[in-house]
Amino acid sequence: MDGARAERILAAVRAIPEGWVRTYGDLEPRAPRLVGRVLRETDEDVPWHRVVRADGSLAVGGEQRARLRAEGVPIRGDRVVLAQARLPLPPGEHLEPGEAPG
DNA sequence: AGCGTGACAATTA
DNA sequence: ATAATTGCCACGC
């Protein structure tokens with residue numbers, strides 16, 4: 001593997017349920033570009049198409065959009081409707097010190 | 001240790 | 001709403 005981060009990212013991507021999406025920033029708030037790097041490098045069967053940009057736009061394009069539509073992900077034009085398709089932050093995800101739940 | 005690059009993100013105009 | 005800037009972090013040379 002390229003690094004422990006890569007594995008953690010792949011695991012998070014694999015955890016995205018069908019019909020839902022998550023943003024690069026959600027997976028790695030401090031290094032969203034690393035997510036794309038990993039998804040591009042890996043040959044695993046991860047659902048890479050379920051990872052979209054913070055504004056709902058797609059990074060890959062055609063194939064990604066087709067796959068998302070096939071899963072029932074709400075899409076408006078060329079952007080995913082994050083308000084409906086964005087997976088809520090699972091409990092226990094990189095919660096930064098200071099963002100304590102209370 | 002510096003430089004350039006990137007499946008990004010938030011701001012500003 | 002879009003376009004251009006700036007900031008960010010990690011990777012490879």
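All of the points below concern the structure found in this document. Since the structure is predicted, the reported quantities are computational estimates derived from the model, not experimental observations. (Residues numbered from 1 in each chain as written. Chains lettered and ligands numbered in written order. Predicted model: local features only at pLDDT ≥ 70, side-chain atom pairs only at ≥ 80, totals over all residues. Heavy atoms only, no water.)

## Structural notes on a negative patch on the surface
A grouping of E41, D43, E44 and D45 is seen on the molecular surface, where their side chains present a negatively charged patch. Mapped onto the secondary structure, D43 falls in the loop between α3 (32-41) and β2 (51-52). Residue classification places D43 among the exposed positions, given a relative accessible area of 71%. (Patch = residues over 30% accessible without salt bridge, like charges linked within 9 Å, V, L, I, M, F, W, Y side chains within 5 Å. Areas by Shrake-Rupley, 256 points an atom, 1.4 Å probe, with all protein chains shown as cover. Salt bridge = Lys/Arg side-chain N within 4 Å of Asp/Glu carboxyl O. Lys, Arg positive; Asp, Glu negative; His and termini not counted. Charge placed at Lys NZ, Arg CZ, Asp CG, Glu CD. Helix = DSSP H or I, 4+ residues; strand = E, 2+ residues; numbered from the N terminus. Buried < 20%, exposed > 50% of the residue type's maximum accessible area, 1.4 Å probe, protein only.)

## Side note on the environment of A85
Take A85: it is sitting in helix α5 (residues 82-85). For A85, a relative accessible area of 0% gives the class buried. With near-sequence residues (within four places) excluded, A85 lies in contact with W20, V21, V73, P74 and V80. (Contact = heavy atoms within 4.5 Å.)

## Digging into the protein's contact with DNA strand B
Surrounding DNA strand B, one finds Y24, G25, P32, R33, G36, L39, R40, W48, R53, A54, A59 and V60. At the protein interface, 46% of the atoms of DNA strand B within 4 Å belong to sugar or phosphate. Y24 is positioned such that a nitrogen or oxygen atom in its side chain is 3.1 Å from a base nitrogen of DNA strand B. G36 has a polar backbone atom sitting 3.2 Å from a base nitrogen of DNA strand B. Per-element tally for the surface near DNA strand B: the top contributor is α3, with five residues. (Near = heavy atom within 4 Å. Polar contact = N/O pair within 3.5 Å; in protein donor to acceptor, adjacent residues only side chain to side chain.)

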